[in-house]
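Coordinate analysis (summary)
Chain residues, written in single-letter form:
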Amino acid sequence: MLDNGFAPLPIVPGTKRPAPSRWSAVTLDETRIRDWCARFPDHGIGLRAGQLVGLDIDELDADRAHEVQRLAERRFGESLLRIGQWPKRLLLYRTEAPFAKMKVGKVEILGVGQQFVAFGLHAATGRRYYWTDDTPLDVCLEDLPSIDQESASAFLAEVGPGEWASGGRALGQGRQTSAPSDAPLRDDTGRVIDGRDAWLSRIAFHAVHDAIEAGADLDLQLIADTVWARFVETADLGRPKRDGGRGYALSDALRKVHDKLRLAWGGRLPDRHCAEPVPTYELPSLSIAEGRERLDDLLRAFCAQVVAWHQQDEQTQDLPMLGIRATVGLGKSRASRTHLSRLAAGLRTDKLPHRILVFTPSHALAEETAAAWTDAGATVAVMRGYERTDPVSGEPMCRDVEVVKAALSAGLTVPDHACSGGDGRQCLFYDTCLKQQNLRDVATADVVVSPYDALFTGLAFEHDDIALLLVDEGCWARAEDNRSDIYLEDFAAEPIRGMGDGIGHGPTGAMADLLAFRRQVLAALMAQGPGHVLRQTLRDAGITEEDCRRAARLERWRMQDTHLHPGLSGKARSHALRVAEETSRINRLADLWEALGDAFGSPSGVSGRLRVSDPDASGRHPFQLRRIRRLHDSLRGKPVLHLDATLRPDLARTILSGLSIETVDVAAPHMQVRQVQGSFGKSMLCPGQGLAAEERRRRENRLRECVGYVRWHARRVAPGRVLVVTYKAIEAAFDGIPNVETAHFNAVAGLDGYKDVSLLVSIGRPLPASNDLEAMAGAYFDRIAEGRYRRDRAGLMMREGPPRGIDVLRHEDSFAETLRAAICDDELTQVIGRGRGVNRSADDPLEVHVLADVALPLVYERLTTWDLERPDIVQQMLLSGVAVDSPADAAALHPHLFGSANEAKLAFGRAGFKGQNPMSISYREMTLKSAAYKRAGRGRSWLRAYWIEGADEVVRTRLEGILGPLAEWRCEE
């Protein structure tokens, strides 16, 4: 084996431990090997890793072990395969640049400082390790497939921790895993103690497949012998079978193998192929220049359609409604201002409607957008809400918000009932009202900018001179309207009064009809019980859709004149406010009846928007009505231009029906994306109320690791700017890190202040709860979402090499999954877009780190896993000023990291920071400075210090201040 390029070691019989001391550093030559052969003649043989790499699959789940092996063979090539305790296995590879051990879950890549048994007895089974074909005696090291550190890291990220597949429902573990229900039950040693028959069948399944793939004769006895040997090694045979007291025997293995062979001969044996994950997206092919040219063409054509539509006499042409999904950073807002400014000027000249209404996600972005339009030469006003304050003076826009709210809740027009009525009545504050001044500014502006809410509340104009609506970014999330303030029992308790003439057969008859409808619905839904309203429940009770529509009209017939007028005071005001509240409640009851009517048209026969909840503390059953607010009548029938980097047609059309969609995807060749797989959910990072001390510490530790990760990479790219986007609850944890700025999810869309950052780090993802998704699916699609979150395999497009696969969370229901992707994936796309990757050049690249288990439609430079990226003990020392390779000195220099020298020694061992693994001057992408030093006193050995920046004398002074005078100090530049 030495001649074949390997580094053999004698292994103590029945163990995995090398017999010689200092085995990891000793020079191996023919003399050394002959000496060991003489001294350890009965020992096993191990192989030292370094240039040799061992890919150790320590999985007890046979399917999982096979999947990992097949993935390794796809990524690196088929190689020598060694088995000790099946289904565990080890593959051999080589590397040109040796690296330290890497591990994720049950899969370990053995590197510098490691070794493994090649020949000998397995400690657990007492049987010999064996190779499935060739061995290191037959193949030279240089003929093994090659692997490097980066590809090994990406492979482990693809493998993932595989918690459920680590052998089943392990005993004695307090934390539940997502183990499949048919997984065998194992004891602490890994032996199967329950589910043994299924386990024997699984062994037979894989053994038959192994024989088929090897092209071997399908010899029943030979395969059964292998199956029985594996079963004996991995299952508890001390107990009889459940079905009669007989123990397991070779005959059981023969029967299982016979069954599998019969299926194989009949072509019915299920395969065990591990499908290569296929990305569900295509790479953008347009350059930034080509993308902008296409965007200009789309906007130019749209403007021409708007002109033609306004010029027609009877408007028989289709209403121009265009949605453009364009890559963040393409300049869609700027381009639209250019084209729409020309459009408005031409329409004004032709004396056609020319004003433009612009809708933005927030008031802050409305102000920013208004400034941009002003710079473009337009007369602009921002529509500010009644409850807002003036951005200049800080004074409230409206000083009688109570009456405004009352008018809105009662469905009344605010100007007539709260501000200035037609009869000359005015609000007491009307003459000095900032809101009225704002309305006057809006009335004369060519461009009016408003937050999304105005899409649903409408805008009041004296003249209909609106040319089009421009909706900037996605507005669908603001359309959901949720109500739960009406109870099922209210159908019996709600009074019936105030009806006038004009409907049905008079007030008495109308009241009787409404009361009958209420009683029918109450009885039907009480019998159905909590849950979504079923169409059949209503039909069985004799209720029709028309009954529900008529009941809604009857409810509204109960409304009384609120007598709500501007300037009310005293008892008149109190009375008007009370009647307005009653009117609001009547409207809500009428809406409930309309929702019951809508249930008859539900595709599935179940209302996704209306459900009866479980009783609350009062013992009553609340209705939960979730629906989508419609585009306000004052805005309907107007041309629409919708610009959104993450536009999803199914969601956009719930608000803007009839929208046609165009896509402009642009490549970002100078944006380097690093995907870091791991658990970064809120339950891993964010504080919470009532947490147990252990859980609180676990979250604090993970957050501390993330902060250390940011500190490290911020130092690496300094003096470049860094943007960190994460959950609002932990955003402050990253404050104070030099050259780092922070933001949180759902507060970055449209922001343009980070287009020159060097590094953008996104930590976590805004993942909604499954129950919330199911409720939203009802609101947006009137569907009952079925299923739950599941782990799914997703493909990533890599800059170099084949696609990679990772595990991600997706919802089983297609409607719920659409919403999950819009809330989670699209928000992360918006986050990454803040760095304007499409606008970068080779001289100004953007680096993006995504710390989340998501698959975004991007080109990835690197795939890795948190187990390999979390700051290790060396990085922590370096971030604290200096790292040393002596555990005793490290404990003295960094008492906040180590409680004692022994604790430091153990930490060094876990990190692989040992004397036999010397560090280079580059560590985890950071260039380091180093010096050798020797402490004063006899017998002292040379040690080494490392640091990131600063003069070596400063570092030496620090060491001497804590360790005492140094006898020697040799700086290496």
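Residue positions are given per chain, counted from 1 along the sequence in the order it is written. Whole-chain, interface and lining totals are the exception, using all residues; otherwise, since this is a predicted model, local features are given only for residues with pLDDT of at least 70 and side-chain atom pairs are given and counted only at 80 or more. Only hydrogens and water are set aside; all other atoms, that is, all heavy atoms of the structure, feed into the side-chain values.

**What to know about the confidence of the model for the chain**
As a reminder, the rule being used: Note on scores: pLDDT gives the predictor's confidence for each residue, bounded by 0 and 100. Only heavy atoms enter the contact rule, under which two residues are in contact if any of them lie within 4.5 Å.
Looking at the chain, the pLDDT average stands at 91 and 96% of residues meet or exceed 70. Every residue in residues 163–180 scores below 50 in pLDDT, and together they form 28 contacts with partners more than four places removed in sequence or on other chains.

**Some words on the pairing of strand 8 (residues 115–119)**
The condition is simple: Each residue is placed in one exposure class: buried if its accessible area under a 1.4 Å probe, protein chains only, is under 20% of its type's maximum, exposed if it is over 50%, and partly exposed if it falls in between. Secondary structure elements follow DSSP: runs of H or I of four or more residues count as helices, runs of E of two or more count as strands, with numbering from the N terminus. When DSSP locates at least two bridges between a pair of strands, those strands are taken to pair.
Counted residue by residue, strand 8 has four buried out of five residues, so it is predominantly covered. Judged from the four bridges that link them, strand 2 (residues 44–48) and strand 8 form a sheet pairing that is antiparallel. Residue pairing across strands places Leu-47 opposite Phe-116, the latter belonging to strand 8.

**Details of the environment of Leu-110**
Considering the arrangement of structural elements, one finds Leu-110 in strand 7 (residues 107–110). Linking Leu-110 and Asp-42, residues 68 residues apart in sequence, is a C-alpha distance of 25 Å. In this structure, Leu-110 is in contact with Ala-49, Leu-52, Val-53, Gly-54, Asp-56, Leu-90, Lys-101, Gln-115 and Phe-116, ignoring residues within four places of it in sequence.

**Section: the sheet that holds strand 25 (residues 740–744)**
Our working rule: For helices, the axis comes from a line fit to the C-alpha atoms of the stretch in contact; other axes are also lines fit to C-alpha atoms, and the angle between any two N-to-C directions lies between 0 and 180 degrees.
Pairing is mixed in the open sheet, where eight strands are placed in the order 25-24-26-29-23-30-27-28. Each edge of the open sheet carries a strand with a single partner, namely strand 25 and strand 28 (804–811). Here the strands of the sheet are splayed against their neighbours by 25° on average, with no regard to which way each runs. Summarising the sheet, strand 24 (residues 722–726) and strand 26 (residues 759–763) pair through four bridges and their orientation is parallel. Of the residues in strand 26, the one forming a bridge with Val-722 is Leu-759. In the packing of helix 23 (residues 814–833) onto the sheet, contacts are made with strand 23 (671–677), strand 24, strand 26, strand 27 (789–798), strand 28 and strand 29 (846–851), and the angle to strand 28 comes to roughly 125°.

**What about the nonpolar core?**
Formally: We define a nonpolar core as any set of buried Ala, Val, Leu, Ile, Met, Phe, Trp, Tyr and Cys residues linked to one another through side-chain atoms lying within 4.5 Å. Those domain boundaries reflect an automatic or database domain assignment.
Membership of the largest hydrophobic core comes to 91 residues, with the highest contact counts inside it found for Ile-324, Leu-340, Leu-641, Leu-685, Phe-734 and Ile-763. Element by element, the count of residues in this core is highest for helix 21 (residues 693–717), at seven residues. Both of domain 3 (288–386 + 438–479 + 632–664) and domain 5 (671–869) provide at least three residues apiece to this core. Once you skip the residues sitting within four places of it in the chain, Phe-734 turns out to touch Leu-703, Cys-706, Val-707, Val-710, Val-724, Thr-726, Val-740, Thr-742 and Ile-763. If you look at the next biggest cluster of nonpolar residues, it comprises 41 residues, including Trp-476, Leu-773, Phe-781 and Ala-822.

**Side note on the packing of helix 7 (residues 288–311) against helix 8 (residues 332–349)**
Applicable threshold: With respect to orientation, any angle under 35 degrees is reported as roughly parallel, any angle over 145 as roughly antiparallel, any angle of 65 to 115 as roughly perpendicular, and every other angle as oblique. By definition, turning the near helix anticlockwise from the far helix through less than a right angle yields a left-handed crossing, and turning it clockwise yields a right-handed one. Charged residues are taken to be Asp, Glu, Lys and Arg, nonpolar residues to be Ala, Val, Leu, Ile, Met, Phe, Trp, Tyr, Cys and Pro, and polar residues to be all remaining types, Gly included.
Closest axis-to-axis distance for the helix 7/helix 8 pair is 10 Å, and the angle between their directions is 25°. Taken as axis vectors, helix 7 and helix 8 run roughly parallel relative to one another. Considering only the axes of helix 7 and helix 8, their crossing is right-handed. Taken together, the residues of helix 8 that come into contact with helix 7 (itself represented by Arg-292, Leu-295, Asp-296, Leu-299, Arg-300, Cys-303, Val-306, Val-307 and His-310) are Lys-332, Arg-334, Ala-335, Ser-336, His-339, Leu-340, Leu-343 and Leu-347. Taken together, the residues of the contact of helix 7 with helix 8 break down into nine nonpolar, three polar and five charged.

**Description of the side chain of Gln-85**
Within the secondary structure, Gln-85 is located in the loop between strand 4 (81–83) and strand 5 (89–94). Look at Gln-85 and you get buried, because its relative accessible area is 10%. Beyond its immediate sequence surroundings of up to four residues, Gln-85 is in contact with His-122, Ala-124, Thr-125, Glu-233 and Thr-234.

**A closer look at empty space enclosed by the protein**
Where empty space is left can be seen by rolling a probe of water-molecule size over the atoms. Defined as follows: A cavity here means a set of 1 Å grid points, computed over protein atoms only, where a 1.4 Å probe fits but cannot escape. A pocket is an open set with protein on both sides within 12 Å along at least 5 of 7 lines, and lining residues have an atom within 4 Å of a point. Grid points are joined across faces, edges and corners, and a volume is the space filled by probe spheres set on the points.
Summed over the entire model, instances satisfying the criterion amount to five cavities of 30 Å³ or more. Of the pockets and cavities examined, the largest cavity occupies roughly 80 Å³. In terms of residue class, the lining of the largest cavity is made up of eight nonpolar, one polar and two charged. One number sums up the size of the second largest cavity: a volume of about 60 Å³. In terms of lining residues, the second largest cavity is bounded by Arg-483, Ser-484, Asp-485, Ile-486, Arg-588, Asp-591, Leu-592, Phe-623 and Leu-625. Sorting the residues of the lining of the second largest cavity by element identifies helix 18 (570–598) and strand 20 (623–628) as the ones contributing at least two each. Counting residues per element, the lining of the second largest cavity draws most heavily on helix 18, which supplies three residues.

**Describing the packing of aromatic side chains**
For clarity, the threshold we go by: Aromatic contacts are taken between Phe, Tyr and Trp rings whose centres are within 6.5 Å, Trp giving its six-membered ring; a plane angle under 30 degrees counts as stacked, one over 60 as edge-to-face, and the others as tilted.
According to the stated counting rule, one finds 15 aromatic pairs in the structure shown. Aromatic pair Trp-476 and Tyr-780: ring centres 5.4 Å apart, planes at 75°, arrangement edge-to-face. Pair noted here: Trp-476 is in the loop between strand 16 (466–472) and strand 17 (480–483) and Tyr-780 is in helix 22 (residues 770–781), with a separation of 304 residues, a long-range link. Trp-476 gets classed as buried once you look at its relative accessible area, which sits at 13%. Seen from their ring centres, Tyr-709 and Trp-866 are 5.4 Å apart, and the 55° between their planes marks the pair as tilted.

**As for the pattern of salt bridges**
Here is the rule: A pairing counts as a salt bridge when a side-chain nitrogen of Lys or Arg comes within 4 Å of a carboxyl oxygen of Asp or Glu.
What the rule picks out here adds up to 89 salt bridges. We note a salt bridge from Asp-63 to Arg-202, for which the minimum N-O separation is 3.0 Å. Taken together, the residues Asp-63 in helix 2 (residues 62–76) and Arg-202 in helix 4 (residues 196–214) connect sequence positions 139 residues apart. Residue Arg-202 is classed as partly exposed on the basis of its relative accessible area, which comes to 31%. Among the ionic pairs, Arg-956 bridges to Glu-960, the shortest N-O distance being 3.4 Å. Residue Arg-956 and its partner Glu-960 are located together in helix 28 (residues 952–963), separated by four residues, close to a single helical turn.

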